[in-house]
Amino acid sequence: MNTVIALGLSTVVLGLPLGVRAQQPAIRPAQQPVARPPAPVANQGPPPARMVPAGDPYGFTAWLNSTRARYGLPPVGYDPNLSNWAAVNNGQQQSRGLGHFVMGPARRQNAAMGHAASIRGQWMASPAHRAALLDPTIRWIGIAGLGAYWTFNAY
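Residues numbered from 1 in each chain as written. Predicted model: local features only at pLDDT ≥ 70, side-chain atom pairs only at ≥ 80, totals over all residues. Heavy atoms only, no water.

Draft legend 1. Region of interest: the overall build of the chain. Per the secondary structure count, the chain includes four helices and six strands. Relative to its full complement of 155 residues, the chain shows a buried share of 34%. Long-range contacts, defined here as pairs at least 24 residues apart, represent 60% of the contacts in the chain between residues at least 6 apart. A total of about 10,100 Å² of accessible surface is found on the chain, and carbon and sulfur atoms cover 61% of it. (Helix = DSSP H or I, 4+ residues; strand = E, 2+ residues; numbered from the N terminus. Buried < 20%, exposed > 50% of the residue type's maximum accessible area, 1.4 Å probe, protein only. Contact = heavy atoms within 4.5 Å. Areas by Shrake-Rupley, 256 points an atom, 1.4 Å probe, with all protein chains shown as cover.)

Pasting the structure below:
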């Protein structure tokens, strides 16, 4: 009976009768390493459940920028990542009721329940919500709607 001992990159076969040579393994060309995608970067929480299309599908950014201009404030840009986090919050609202459950990287968040046409007026009528929309330090916003639930995120 032969005993095989693996030593790192080489293998030793013991127990062969004298004069018998161990078979050499066939030499094979070295395999090229397989390219692997980079490991995902850890984020602040679970990935958003629903992806929002690129670009503001509701026209909210254009409305907000015209509103901010009337107050002498700089425009903001649309960030689909903030909209994705808003969509996650809407999913939580749908199961738990109106509220601020998931903010992701946002510094400001407004939540509302109603029709798309009514949420702008609701938020502007509320001093705290209006302050979030007109915050002079925000530069990026995202918005998402799910049924009657709406979330605005900003940083």
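Draft legend 2. Quick look at the sheet that holds strand 4 (residues 108-113). Read across the sheet, four strands follow the order 3-5-6-4 without closing on themselves; strand pairing throughout is mixed. Edge positions in the open sheet fall to strand 3 (77-78) and strand 4, since each of these has one partner strand only. Against the sheet, helix 2 (residues 80-96) makes contact with strand 3, strand 4, strand 5 (140-146) and strand 6 (149-154), and its axis sits at roughly 35° relative to strand 5, the strand it touches most. (Pairing = 2+ DSSP bridges. Axes fitted to C-alpha atoms, helices over the stretch in contact; angles between N-to-C directions.)

Draft legend 3. Quick peek at the confidence of the model for the chain. The predicted model of the chain has a mean per-residue pLDDT of 78, with 65% of residues at 70 or higher. Note that residues 46-54 has pLDDT below 50 and, in this model, 18 contacts with residues that lie over four places away or in other chains. (pLDDT = per-residue confidence, 0-100.)

Draft legend 4. Spotlight on the packing of aromatic side chains. This structure, assessed with the given rule, holds five aromatic pairs. Between the aromatic rings of Phe 60 and Trp 63, the centroid separation amounts to 5.3 Å while the plane-to-plane angle is 45°, which identifies the pairing as tilted. Of this pair, Phe 60 and Trp 63 both sit in helix 1 (residues 60-70), three residues apart, which is roughly one turn of that helix. Neither residue differs from the other here; Phe 60 and Trp 63 are each classed as buried. Counting every residue linked through ring pairs, the aromatic cluster contains Phe 60, Trp 63, Trp 123 and Phe 152. (Phe/Tyr/Trp six-rings, centres within 6.5 Å; stacked < 30°, edge-to-face > 60°.)

Draft legend 5. Representation of the environment of Ala 148. With respect to the helices, strands and loops of the structure, Ala 148 is situated in the loop between strand 5 and strand 6. The spatial distance from the C-alpha of Ala 148 to the C-alpha of Gln 94 is 8.6 Å, given a sequence separation of 54 residues. In this structure, Ala 148 is in contact with Ala 112, Met 113 and Gly 114, ignoring residues within four places of it in sequence.

Draft legend 6. Broad picture of the environment of Ala 62. One can find Ala 62 in helix 1. On a C-alpha basis, the gap between Ala 62 and Val 76 in space is 9.1 Å, while along the polypeptide they are 14 residues apart.

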